[in-house]
Structure formats: C-alpha cells, structure tokens
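The primary structure of each chain is shown beneath.
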Amino acid sequence: MSSTPLKIAVTGAAGQIGYSLLFRLASGALGDRPVELRLLEITPALKALEGVVMELDDCAFPTLAGVEIGDDAETIFDGVNLALLVGAKPRGPGMERGDLLSANGAIFTAQGKALNKVAADDVRIGVTGNPANTNALIAMSNAPDIPRERFSALTRLDHNRAISQLAAKTGAPVTDITKMTIWGNHSATQYPDLFHAEVAGRNAAEAVGDQDWLENTFIPTVAKRGAAIIEARGSSSAASAASATIDAARDWLHGSAEGDWVSMAVVSDGSYGVQEGLISSFPVTTSNGDWSIVQGLEIDDFSRGRIDASVAELADEKAAVTELGLI
Ligand SMILES: NC(=O)c1ccc[n+]([C@@H]2O[C@H](COP(=O)([O-])OP(=O)(O)OC[C@H]3O[C@@H](n4cnc5c(N)ncnc54)[C@H](O)[C@@H]3O)[C@@H](O)[C@H]2O)c1
Ligand SMILES: O=C(O)C[C@H](O)C(=O)O
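In the annotation of an unreviewed UniProt entry, the protein is listed under the name Malate dehydrogenase and assigned to Nocardioides nanhaiensis. Per UniProt, the protein has the following entry under Catalytic activity (unreviewed entry): "(S)-malate + NAD(+) = oxaloacetate + NADH + H(+)". Per UniProt, the comment on the protein under Sequence similarities (unreviewed entry) is "Belongs to the LDH/MDH superfamily. MDH type 2 family."

Quick look at the structure:
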C-alpha cells in the first residue's frame with residue numbers, strides 16, 4: 001500500500017452530504033492509505049466549512065494526512081486522484097431531479113474544465129450532485145483530456161435501496177443478495193432489475209414469485225425513494241447518499257466482490273442498446289480503478305421497455321444541456 005496520501009476533492013463540502021462523507025473518508029472508509037482532503041465550497045459557505053474542519057481536527061483521525069479548503073476549483077483540484085462532485089442544489093418537495101438541470105449544470109462545466117487542467121493523471125471522478133448522470137456528462141464533455149471512463153455518476157444509492165427492499169421482502173440478509181442492477185438514469189425512470197439479481201444464488205424474480213409486487217411496489221419504491229425521504233425529512237437523503245458515495249468510490253478503486261457486480265452510471269459504449277456517449281447506469285465489475293460493463297445478460301420485453309424509457313430521458317436531458325450550451 002502506498003503511504004503517499006490519496007488526494008480526494010469533495011465539492012459542496014459544507015453541505016448535508018459533506019457532513020457525513022468527510023468524516024468517513026477521513027476515518028479510513030477507503031482503506032488504510034492516508035487521505036488528504038481538498039474541500040471546495042462557494043465563498044459564503046467557507047466559514048461553515050472552517051467549522052467542519054475544526055471538527056475533523058478534533059477527531060484526530062490517524063488516516064487524515066491534511067485538509068485544504070477553498071472556493072477556487074483549480075487550486076482545490078490540483079493533483080487530486082479522486083474527485084467527489086457533490087456540491088449542487090438539492091431538489092425540494094414536488095420537484096423532479098431533472099428540474100435542477102439549468103440551476104446545477106453550469107457548476108459542472110466549470111469543474112470539468114478545472115479538473116481537465118489540474119487533476120492528477122490517474123484521477124477518478126464520481127458525481128453525486130443532481131441530476132447526477134447529466135452533470136457527469138457535462139463534466140466529462142468539458143474535460144477532453146481526461147479519459148471518458150474516469151467519470152461516473154452515482155446510482156449506488158438506488159442499488160443499495162433495491163438490495164434492502166428485496167432483503168425485506170424475502171427475509172434474506174442483505175449479504176445474500178447479489179447481482180442487483182440499476183439501469184438508466186438516477187431518476188424516477190430508473191429500472192431496478194430483479195431478473196438478474198440473486199437471493200442466496202437463486203434468481204430473485206423467481207424467489208419473489210410476485211410480478212405484481214415487482215412492478216407495482218418494488219420498482220416504484222426504489223425509484224421514488226428520494227422523493228419519499230424529502231417528504232418525510234423535509235430535506236433530501238444525506239447520510240445514505242454519503243454512504244453510497246463511499247461504497248461506489250471504494251469499489252471503483254479497490255474492486256467489486258468476486259462473483260458479484262455493482263451499479264454505476266458510466267459512459268455507454270452502446271452496450272444493451274444504450275445510446276453511445278450517454279452516462280447511463282449499468283451492471284459493472286470493477287478492478288484496479290477500472291470498470292467494465294457486464295455483458296451477455298438476456299433482456300426480455302419488460303426490461304427492454306423500462307431501460308429504453310430511462311435512456312430516452314437521458315437523451316432528452318442531453319438535448320436540454322446542449323441547448324443550454326453546457327456541452
Ligand atoms: N446521486 C444521489 O444518489 C444523490 C443522493 C442525495 C443527494 N444528491 C444530490 O447531491 C447534491 C448535494 O446534496 P446536499 O443534501 O449535500 O445539498 P446541500 O444543499 O446541503 O449542500 C450542497 C452544498 O454545495 C455547495 N455548492 C453549491 N455550488 C457549489 C459550487 N459551485 N462549488 C462547490 N460547492 C458548491 C453549497 O454551498 C452547499 O454547501 C444535491 O444535488 C442532491 O440532490 C444525490
Ligand atoms: O431524490 C433526491 O432528489 C435526492 C437523491 O437523488 C436521492 O435519491 O435521495
């Protein structure tokens with residue numbers, strides 16, 4: 001293991017997700033390698049961020065090698081190996097995530113350009129801020145010198161939600177659930193797929209044996225979970241989003257479990273009929289900082305319709321940000 005600290009940029013570091021995420025990154029959630037945190041915020045939030053840094057100091061985490069804060073993306077992103085782009089406005093009650101496109105899109109144009117200039121050669125960029133898929137597309141499109149495979153958007157929270165719902169339905173522990181897949185957009189059109197998932201090695205759709213539950217309870221519960229949390233909490237998911245951001249980064253850097261896969265929104269190469277160049281969620285395996293889309297899964301008509309609908313929404317979002325001049 002390298003003793004050189006892993007330089008991790010976190011944007012929106014003074015926000016809700018940041019408040020959970022930073023302490024886990026600092027305490028070794030990505031492994032024993034020391035980390036240096038580079039925290040980006042808008043100027044008015046820097047004072048609050050100073051308070052968070054005092055708290056990080058007060059934890060005396062052995063794996064925390066240093067913290068730098070600031071409001072200039074090029075300074076904060078300089079030499080970073082991992083960039084977790086969280087900073088963006090969350091939606092409120094009654095909004096869809098796509099409603100945030102024009103408010104948040106411009107953030108990712110500027111940050112894509114800054115990463116392109118100053119990030120380390122091995123940088124990996126994970127986008128959590130919504131609408132995550134299209135924000136990742138914007139950042140990727142504005143960073144032509146960074147390989148496209150280095151960008152991903154977070155659908156791991158949806159993946160984890162789907163595992164938890166399936167575990168509750170079947171009475172199986174979450175550790176028995178494998179090969180879960182979220183296809184498409186991190187939005188209400190996403191498709192959590194039980195036809196390839198397994199419960200203790202058995203096909204999940206068969207184990208459940210209840211198409212009505214699958215269609216009318218499972219899929220909408222997972223796809224609309226973000227809205228249900230906003231409704232209940234008055235603000236969007238934060239600790240679970242931070243936890244999923246960590247899960248996704250850890251597996252990307254260190255590899256997914258043998259015999260299993262994870263869901264990541266990554267640039268499409270046309271696999272499964274998903275338009276090339278869109279950032280869409282797929283089943284992927286990861287190893288040594290690289291991902292590859294699981295190939296050869298059979299897609300029946302039901303799944304085809306669901307995947308196509310979510311991908312069509314991604315294509316519409318791409319058209320909208322093209323129109324806005326963001327890509
Ligand atoms: N993909 C997912 O699964 C998922 C889950 C939960 C939340 N989210 C999204 O994550 C984002 C952050 O959520 P939150 O609850 O932490 O919001 P928040 O409002 O609590 O925090 C966002 C922070 O981003 C900062 N910010 C705004 N513009 C910035 C910029 N240009 N550079 C750096 N920082 C900037 C704000 O000052 C604020 O502190 C939202 O868009 C939310 O919808 C995504
Ligand atoms: O739903 C939201 O707007 C927040 C987040 O994307 C979530 O899925 O919890």
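Colleague: Please explain the overall build of the protein as it appears in this structure.
Modeller: Of the regular secondary structure elements, the protein holds eleven helices and 14 strands. Its C-alpha atoms give the protein a radius of gyration of 19 Å, near enough to 20 Å, the size a compact globule of 327 residues would have. The C-alpha extent of the protein, read off along each of the three principal axes, is 50 × 45 × 40 Å. Out of the 327 residues in the protein, the part that is buried amounts to 53%. Across the protein, contacts joining residues at least 24 apart in sequence account for 73% of those joining residues at least 6 apart. With 25 positive and 42 negative side-chain charges, the protein shows a spacing of 2 Å between the two charge centroids.

Colleague: Help me understand unusual backbone geometry in this model?
Modeller: For residues that are not glycine, phi is negative in most cases, and the peptide bond is trans in most cases. Across the junction of asparagine 130 and proline 131, the peptide omega takes the value -5 degrees, indicating a cis bond. Within the secondary structure, proline 131 sits in the loop between strand S5 (124-127) and helix H5 (132-141). The phi torsion at alanine 60 lies on the positive side, around 50 degrees, for a residue other than glycine. For alanine 60, a relative accessible area of 59% gives the class exposed. Positive phi is not limited to glycine here, since tyrosine 272 has a value of about 50 degrees. Note on placement: tyrosine 272 falls in the loop between strand S12 (262-267) and strand S13 (279-287).

Colleague: Which parts of the structure should I look at to understand the pattern of salt bridges?
Modeller: Proximity of charged atoms lets side chains of opposite charge pair with each other. Overall, the coordinates contain 13 salt bridges when judged by the stated rule. For arginine 38, the salt bridge goes to glutamate 36, with nearest N and O atoms at 3.3 Å. The class of arginine 38 is buried, set by a relative accessible area of 5%. One salt-bridge network, in which partners are shared between bridges, spans Arg156, Asp247, Arg250 and Asp251.

Colleague: I tried to follow the site of ligand 1 on my own but got confused; where do I start?
Modeller: Around ligand 1 sit 24 residues, and of these Gln16, Ile17, Glu41, Thr128 and Asn130 come closest. Between ligand 1 and glycine 12, the relevant distance is 3.3 Å, taken from a nitrogen atom to a main-chain nitrogen or oxygen of the residue. A distance of 3.5 Å separates an oxygen atom of ligand 1 from a polar atom in the backbone of glycine 15. With the chains in place, 86% of the 870 Å² that ligand 1 exposes on its own is no longer accessible. Those elements giving two or more residues to the shell around ligand 1 turn out to be helix H1 (16-26) and helix H4 (101-118).

Colleague: I would appreciate a short explanation of the nonpolar core in the present structure.
Modeller: A general trend in soluble globular proteins is that nonpolar side chains are found buried together. Counting 70 residues, the largest nonpolar core has Phe77, Leu115, Ile125 and Leu194 as the members making the most contacts within it. No other element matches the six residues that H5 contributes to this core. Core analysis: the next-biggest nonpolar cluster, separate from the first, contains 33 residues, Leu46, Phe61, Ala241 and Ile246 among them.

Colleague: Please clarify how the sheet that holds strand S7 (residues 177-178) should be interpreted in this entry.
Modeller: As summarised here, the arrangement of the three strands in space is S7-S10-S11, forming an open sheet in which the pairing is antiparallel. Each of the sheet's edge strands pairs with one partner strand only, and the pair in question is S7 and strand S11 (202-203). Strand direction decides the pairing type here: strand S10 (residues 198-199) and S11, joined by two bridges, are antiparallel. Note that in S11 the partner of glutamate 198 across the bridge is asparagine 203.

Colleague: In this structure, what is going on with the site of ligand 2? I would like to understand it.
Modeller: Close contacts around ligand 2 come from Arg91, Arg97, Asn130, Leu157, Arg161, His186, Gly226, Ile230, Ser236 and Ser237, and that covers them all. Side-chain polar atom of arginine 161 to an oxygen atom of ligand 2: 2.7 Å apart, as the coordinates give it. Contacts to ligand 2 include serine 237, whose side-chain N or O atom sits 2.7 Å from an oxygen atom. Elements that contribute at least two residues to the shell around ligand 2 include exactly helix H6 (156-170) and helix H9 (225-233).

The rules behind these values
- Residues numbered from 1 in each chain as written.
- Chains lettered and ligands numbered in written order.
- Predicted model: local features only at pLDDT ≥ 70, side-chain atom pairs only at ≥ 80, totals over all residues.
- Heavy atoms only, no water.
- UniProt positions renumbered as here; feature names shortened; annotations may be inferred.
- Helix = DSSP H or I, 4+ residues; strand = E, 2+ residues; numbered from the N terminus.
- Rg over C-alpha atoms; globule rule 2.2 N^0.38 Å.
- Buried < 20%, exposed > 50% of the residue type's maximum accessible area, 1.4 Å probe, protein only.
- Contact = heavy atoms within 4.5 Å.
- Lys, Arg positive; Asp, Glu negative; His and termini not counted.
- Charge placed at Lys NZ, Arg CZ, Asp CG, Glu CD.
- Salt bridge = Lys/Arg side-chain N within 4 Å of Asp/Glu carboxyl O.
- Near = heavy atom within 4 Å.
- Polar contact = N/O pair within 3.5 Å; in protein donor to acceptor, adjacent residues only side chain to side chain.
- Areas by Shrake-Rupley, 256 points an atom, 1.4 Å probe, with all protein chains shown as cover.
- Core = buried A, V, L, I, M, F, W, Y, C linked by side-chain atoms within 4.5 Å.
- Pairing = 2+ DSSP bridges.

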